[in-house]
Amino acid sequence: DAGVTQSPTHLIKTRGQQVTLRCSPISGHKSVSWYQQVLGQGPQFIFQYYEKEERGRGNFPDRFSARQFPNYSSELNVNALLLGDSALYLCASRHSGTAKGYGYTFGSGTRLTVV
Amino acid sequence: QKEVEQDPGPLSVPEGAIVSLNCTYSNSAFQYFMWYRQYSRKGPELLMYTYSSGNKEDGRFTAQVDKSSKYISLFIRDSQPSDSATYLCAMSLITQGGSEKLVFGKGTKLTVNP
C-alpha cells in the first residue's frame, strides 16, 4: 500500500520566483495537511484541507496558498519566494474516521532551497 | 513563551541505556499528545499516542503525560543504534474553525552508540 507521496523531492528556486509542491495522500484519506519544517525546528502547520475545502490555516502570509483536487491530492503554492522559505515541506494525510490527533501519515517531504 | 518547549539536545547515549525525552507545554487546550520519530531525510512517523494523564507502554517505549504539570515524557528502554533519530513531541489543537492542527516541539536529536 503506497504511503503519502510528495513531489518533487528537492527543488532549488531563486528569490522572487513561485513554486508548486504536490502531494498524493494515502488511498481513502480525504484530509491533507501541509507543514513547514525549517532546519533544526519542528514542523509548523500551514494548511488543512478536507473534502476540497480549506478547514484551517496557520500563521503564514498570503504568499502561501493551497488547494485540494477531487481525487484528494493537493498542491501547495508559494509566491514571491524569500530566503526564509527554505525548508522541508511536509504533507500529511489522515482518514476522517480516526480519533483526534491520531492517524496522520507524513510524506518524506520536498526540500526547497531558495537562493 | 512558546506553546511547546523541547530541549533540542543533541543527546548521545551508549547502546542499552535508558533514554528520557521531555516536553513542556503552556496551552491547556491541548488534549492529545504524541511522540514522532524522524529519521534523516524522512518525514515524521508516529511512535506513541495518548490523551490522558498517566503512562502508556508499547514495547521498549513508554509515554508519560502529566496534565497538571503540563509535562510529557518518552522513555526508551534498552536503546539500540537503530533508535538514532530526531524525536518530536506533538500536541493536537482544535482551531476556532473546528479543524485540527499538530503543534510540534523543536525535536531532540538522539544518537545511540554501539
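Residues numbered from 1 in each chain as written. Chains lettered and ligands numbered in written order. Predicted model: local features only at pLDDT ≥ 70, side-chain atom pairs only at ≥ 80, totals over all residues. Heavy atoms only, no water.

### Some words on the overall build of chain A
- Scanning chain A for helices and strands turns up zero helices and eleven strands.
- Helices and strands appear in chain A in the N-to-C order β-β-β-β-β-β-β-β-β-β-β.
- The C-alpha atoms of chain A give 13 Å as radius of gyration, which agrees with the globular expectation for 115 residues (13 Å, within 12%).
- Across the 115 residues that make up chain A, the buried fraction comes to 50%.
- When contacts within chain A are restricted to residue pairs at least 6 apart in sequence, long-range pairs at least 24 apart make up 52% of them.
- For chain A, the accessible area works out to roughly 5400 Å², and carbon and sulfur atoms hold 49% of it.
- Within chain A, the 7 negative side-chain charges are centred at a point lying 4 Å from the centre of the 12 positive side-chain charges. (Helix = DSSP H or I, 4+ residues; strand = E, 2+ residues; numbered from the N terminus. Rg over C-alpha atoms; globule rule 2.2 N^0.38 Å. Buried < 20%, exposed > 50% of the residue type's maximum accessible area, 1.4 Å probe, protein only. Contact = heavy atoms within 4.5 Å. Areas by Shrake-Rupley, 256 points an atom, 1.4 Å probe, with all protein chains shown as cover. Lys, Arg positive; Asp, Glu negative; His and termini not counted. Charge placed at Lys NZ, Arg CZ, Asp CG, Glu CD.)

### Here's the deal with the state of the cysteines
- Scanning the model with the defined rule gives two disulfides over all chains in all.
- Two residues share a disulfide in this structure: Cys23 of chain A and Cys91 of chain A, whose sulfurs sit 1.8 Å from each other. As the torsion about the S-S bond is roughly -60 degrees, the Cys23 of chain A-Cys91 of chain A disulfide counts as left-handed. A residue pair is termed long-range when its members are at least 10 positions apart, and Cys23 of chain A in strand β3 (residues 19-24) and Cys91 of chain A in strand β9 (residues 87-94) qualify at 68 residues.
- Judged by its relative accessible area of 2%, Cys23 of chain A is buried.
- Residue pairing for Cys23 of chain B: its cysteine sulfur links by disulfide to Cys89 of chain B, the two sulfurs lying 2.0 Å apart. Here Cys23 of chain B and Cys89 of chain B share a disulfide; its torsion about the S-S bond, -100 degrees, makes the bridge left-handed. Highlighted residues: Cys23 of chain B in strand β3 (residues 19-25) and Cys89 of chain B in strand β9 (residues 85-94), separated in sequence by 66 residues. Comparing Cys23 of chain B with Cys89 of chain B shows no difference in burial state: the two are buried. (Disulfide = S-S within 2.5 Å.)

### Observations regarding the pattern of salt bridges
- Enumeration over the complete set of coordinates arrives at eleven salt bridges over all chains.
- When the shortest N-O distance is used, the salt bridge between Asp62 of chain A and Arg57 of chain A registers 3.7 Å.
- Assessed through its relative accessible area of 69%, Asp62 of chain A is described here as exposed.
- Among the salt bridges present, the one from Glu57 of chain B reaches Arg77 of chain B, with a minimum N-O distance of 3.5 Å. Linking Glu57 of chain B in strand β6 (residues 54-58) with Arg77 of chain B in the loop between β8 (71-76) and β9, this pair joins segments that are 20 residues apart in sequence.
- Given the relative accessible area of 29%, Arg77 of chain B is considered partly exposed. (Salt bridge = Lys/Arg side-chain N within 4 Å of Asp/Glu carboxyl O.)

### Concerning the sheet that holds strand β7 (residues 64-68) of chain A
Residue and element names in this part refer to chain A.
- Spatial ordering of the open sheet is given by β1-β3-β8-β7, a layout of four strands whose pairing is antiparallel. In this open sheet, the two edge strands, each paired with only one partner strand, are β1 (5-7) and β7. Across the sheet, the axes of successive neighbouring strands diverge by a mean angle of 15 degrees, strand direction being ignored.
- Bridge count between β3 and strand β8 (residues 74-78): five bridges; the pairing is antiparallel. When the sheet's bridge partners are listed, Thr20 is paired in β8 with Asn77. (Pairing = 2+ DSSP bridges. Axes fitted to C-alpha atoms, helices over the stretch in contact; angles between N-to-C directions.)

### Quick look at the nonpolar core
- Core analysis: the biggest nonpolar cluster contains 26 residues, and Val4, Phe30, Trp35, Ile72, Leu74, Tyr87 and Met91 of chain B have the highest contact counts within it.
- At the level of secondary structure, the elements contributing two or more residues to this core comprise β3, β4 (32-38), β5 (45-50), β7 (61-66), β8, β9 and β11 (108-113) of chain B.
- Of all the elements, β9 of chain B adds the most residues to this core, at five residues.
- If we ignore the near neighbours within four places in the chain, the residues touching Phe30 of chain B are Glu3, Val4, Tyr25, Met91, Ser92, Leu93 and Val103 of chain B.
- Val4, Tyr49, Ala87 and Val114 of chain A belong to the second largest nonpolar core, which has 22 residues in total. (Core = buried A, V, L, I, M, F, W, Y, C linked by side-chain atoms within 4.5 Å.)

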